[in-house]
Amino acid sequence: MSFTLSRQFAETEDRNDPLAPYRRLFPPAAERIYLAGNSLGLWSERAEQSLMAVLESWRHHGVDGWSHGPYPWFDLSERLGRLMVPLVGANPHEVIVTGSTTVNLHQLLATFYRPRGRRIKILTDSLAFPSDIYAIKSHITLHGLTVEEALIEVASPDGLTLDENAVIQAMTDDVALVILPSVLFVSGQRLDMATLTAAAHDRGILIGFDLAHSVGIMPHQLSAWGVDFAFWCTYKYLNGGPGSVGALYVADRHLPKTPGLAGWFSSDKAVQFDMAHTLVPSSDAGAFQIGTPHILSLAPLMGSLEMFREIPIETIRDKSLRLTRYLMDLVNHRLADRGFRIVTPLQDARRGGHVALAHPDAIRISKALKARQVIPDYRPPRIIRLAPSPLYTTYQDVWDTVNHLWEIMEYREYERYSPEREVVS
Ligand SMILES: *Cc1c(COP(=O)(O)O)cnc(C)c1O
């Protein structure tokens, strides 16, 4: 066996890892091998500290917490938006932390989807996350159109990945809007956002991206690429906690713009409390907020994003790519002939932060992993997703995971588990 496949190699990598000190801030990472950070990131001490600080300002200041305490609530969404800026490559006034992925998509559709003349279609892909598709369909219907006439879902050649050229070919002159993921949630394929954006703009089409599976794990250049808008959640790689508030980006050239879905938090903050019945929207992305921010679901993000302020996102991407490359090498060498197929693209530029393995017994293997305190994420019918998180996953975790898989297969341990699926997987 070559040295790189040995556990000593993993130990050496961990010793040389510039991010190793951060694992201590995530105590649950030491209790099990947690590879579901692309679904829900782990609890951290920093997230708890900022949450407790906000609870304390509620206790101590009551309503004055809007303007007092370490994290005054009134502009907390804006402050968090600025912390998010380096992660997505935007200008400070282009990002706001608000809503959820789905609500933000609704807001952006309400703002940017303007079917006119022949241009009535929304172009997306057949592998999109269901919530995004539901939101898109509801806006088509709200405009009095039918899904049959106004929705294009670009087909996948293999049911797992997309061909960017096929997406570009589908950008015909009846398309008003393109909405795509940055990274496909099942296979982990990363799309070439720069090329897709340029192609859409060449054809007079607006384009927006769902960054749920890329934010916090890789750099973006939304402004430089010319992306019109984007939206994402903060409870995956950003470790903001269950249901933590999402975020959105709107390109400077679309600001100020009246939000499709307005509320009093869409207002220019200087006049919000004038209580006028004519909205003066904020001149920045803050205009796309609706009502009172969910302060307790914003609070953990303040602590969590501190870590992302300390670490360049390029350093996170570098470790993520090394971890996933190592994982795929180990799978190829140690699990050959065990029925696994890596469905994530192998080239660095074409993959996100997780590795997806297809196996006919994926559900039973996932259960066997969980019983061994390795937490994967199963996607029906036969995909196991493994997401090493650069802030808290070690190279030894990766080596141990593949070793667990080897033992589970070698001793047919997965046969002890039923193939029934749980409600939340
Ligand atoms: C996680 C995820 C969502 C979740 O949306 P919520 O509104 O936060 O429930 C949406 N889209 C994609 C692609 C996701 O990965």
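Residues numbered from 1 in each chain as written. Predicted model: local features only at pLDDT ≥ 70, side-chain atom pairs only at ≥ 80, totals over all residues. Heavy atoms only, no water.

As annotated in an unreviewed UniProt entry, the protein carries the name Kynureninase and comes from Sulfobacillus acidophilus. In its Subunit (unreviewed entry) section, the UniProt entry covering the protein states "Homodimer." The annotation that UniProt attaches to the protein under Sequence similarities (unreviewed entry) is "Belongs to the kynureninase family." (UniProt positions renumbered as here; feature names shortened; annotations may be inferred.)

Draft legend 1. Quick look at the environment of Gly 352. You can see Gly 352 is positioned in the loop between strand S9 (341–342) and strand S10 (355–358). Apart from residues lying up to four places away in sequence, Gly 352 is in contact with Val 183, Gly 188, Arg 190, Met 218, Arg 317 and Ser 320. (Helix = DSSP H or I, 4+ residues; strand = E, 2+ residues; numbered from the N terminus. Contact = heavy atoms within 4.5 Å.)

Draft legend 2. How the structure looks around the UniProt feature "binding site: pyridoxal 5'-phosphate" (unreviewed entry) in the protein. According to UniProt, the feature "binding site: pyridoxal 5'-phosphate" (unreviewed entry) maps to Thr 101, Thr 102, Phe 129, Pro 130, Ser 131, Asp 132, Asp 210, His 213, Tyr 235, Trp 264 and Thr 292 in the numbering used here. An extended arrangement is adopted by the annotated residues: their sequence extent is 192 residues, and the largest C-alpha distance between any two is 30.4 Å. Its place among the elements puts Thr 102 in helix H4 (residues 101–112). Relative to the helices and strands, Pro 130 is located in helix H5 (residues 130–142).

Draft legend 3. Layout of the sheet that holds S10. Spatial ordering of the open sheet is given by S9-S10-S13-S12, a layout of four strands whose pairing is antiparallel. Two strands close off the open sheet at either side, each with one partner strand: S9 and strand S12 (377–379). Across three bridges, the pairing between S12 and strand S13 (residues 383–386) is antiparallel. Within S13, the position partnered with Tyr 378 by the bridge is Ile 384. Strand contacts of helix H12 (residues 362–371): S12 and S13, with the helix running at about 40 degrees to S13, the strand carrying the most contacts. (Pairing = 2+ DSSP bridges. Axes fitted to C-alpha atoms, helices over the stretch in contact; angles between N-to-C directions.)

Draft legend 4. Up close: the site of the ligand. Near the ligand, the surroundings consist of Ser 100, Thr 101, Thr 102, Phe 129, Asp 132, Asp 210, Ala 212, His 213, Tyr 235 and Lys 236. Here an oxygen atom of the ligand sits 2.6 Å away from a polar atom, N or O, in the side chain of Tyr 235. A distance of 2.5 Å is found between an oxygen atom of the ligand and a side-chain nitrogen or oxygen belonging to Lys 236. Expressed as a share of its isolated accessible area of 390 Å², the protein-covered part of the ligand is 85%. Per-class residue counts for the shell around the ligand are three nonpolar, four polar and three charged. (Near = heavy atom within 4 Å. Polar contact = N/O pair within 3.5 Å; in protein donor to acceptor, adjacent residues only side chain to side chain. Areas by Shrake-Rupley, 256 points an atom, 1.4 Å probe, with all protein chains shown as cover. Nonpolar A, V, L, I, M, F, W, Y, C, P; charged D, E, K, R; others polar.)

Draft legend 5. Representation of the side chain of Arg 190 in the model. Assignment of secondary structure puts Arg 190 in the loop between strand S5 (175–181) and helix H8 (193–202). With no salt bridge to any partner, buried Arg 190 finds its closest opposite charge in Asp 192, at an N-O distance of 5.3 Å. Looking at Arg 190, its side chain comes within polar contact range of the main-chain oxygen of Ala 349, at 3.3 Å. Ignoring any residue separated from it by four or fewer positions in sequence, one finds Arg 190 in contact with Glu 164, Ser 182, Val 183, Met 218, Trp 225, Arg 317, Ala 349, Arg 350, Arg 351 and Gly 352. (Buried < 20%, exposed > 50% of the residue type's maximum accessible area, 1.4 Å probe, protein only. Lys, Arg positive; Asp, Glu negative; His and termini not counted. Salt bridge = Lys/Arg side-chain N within 4 Å of Asp/Glu carboxyl O.)

Draft legend 6. Quick peek at unusual backbone geometry. Going from Leu 255 to Pro 256, the amide bond is cis rather than trans, its omega being -10 degrees. Of the consecutive residues Pro 380 and Pro 381, the connecting peptide bond is found in the cis state with omega at 0 degrees. Its place among the elements puts Pro 381 in the loop between S12 and S13. The residue Asn 239 is not glycine, and still its phi comes out positive at about 55 degrees.

Draft legend 7. A look at the side chain of Ser 320. Of note, Ser 320 is situated in helix H11 (residues 313–334). Owing to a relative accessible area of 0%, Ser 320 belongs among the buried residues under this scheme. Excluding residues within four positions of it along the chain, Ser 320 makes contact with Ile 217, Gly 352, Gly 353 and Pro 390.

Draft legend 8. View of H4. Relative to the 16 Å expected for 12 residues at 1.5 Å per residue, H4 spans 16 Å between its end C-alpha atoms, a close match to the ideal helical length. Where burial is concerned, most of H4 is hidden: nine out of the 12 residues are buried. Contacts made by the buried residues of H4 are with strand S3 (121–125), H5, S5, strand S6 (206–210), strand S7 (229–232) and strand S8 (247–250). (Expected span 1.5 Å × (residues − 1).)

Draft legend 9. View of the UniProt feature "modified residue: N6-(pyridoxal phosphate)lysine" (unreviewed entry) in the protein. Here the UniProt feature "modified residue: N6-(pyridoxal phosphate)lysine" (unreviewed entry) sits at Lys 236. Considering the arrangement of structural elements, one finds Lys 236 in the loop between S7 and S8. When near neighbours in sequence (up to four residues on either side) are disregarded, Lys 236 contacts Gly 37, Asn 38, Ser 39, Gly 41, Ala 212 and His 213.

Draft legend 10. The sheet that holds S7, seen in detail. Read from one edge to the other, the open sheet built from seven strands follows the order S2-S8-S7-S6-S5-S3-S4, with strand pairing classed as mixed. Every other strand in the sheet has two partners, leaving strand S2 (95–97) and strand S4 (151–154) as the edge strands with one partner each. Put simply, the sheet's adjacent strands are angled 15 degrees from each other on average, direction ignored. Of the pairings in the sheet, the one linking S2 to S8 comprises three bridges and is antiparallel in character. In the strand pairing of S8, Ile 96 is matched with Leu 248. Across the sheet, helix H3 (residues 76–88) is in contact with S2, S7 and S8; its angle to S2 comes to roughly 125 degrees.

Draft legend 11. Examining the domain arrangement of the protein more closely. Each assigned domain of the protein is listed with its residue range as follows: domain 1 (7–31 + 312–416) and domain 2 (50–310). Of note, the centres of domain 1 and domain 2, computed from C-alpha atoms alone, are 29 Å apart. Residue-level contacts link 28 residues of domain 1 with 23 residues of domain 2. Taking both partners together, domain 1 and domain 2 bury about 2,000 Å²; carbon and sulfur atoms supply 62% of that area. Of all residues in domain 1, the largest losses of buried area upon contact with domain 2 belong to Ile 313, Arg 350 and His 354, amounting jointly to 24% of the total for that side. Where domain 1 packs against domain 2, one counts zero salt bridges. At the boundary of domain 1 and domain 2, one finds nine residue pairs in polar contact (both at pLDDT 80 or more). (Domains from an automatic or database assignment. Buried area = accessible area lost by both parts, 1.4 Å probe.)

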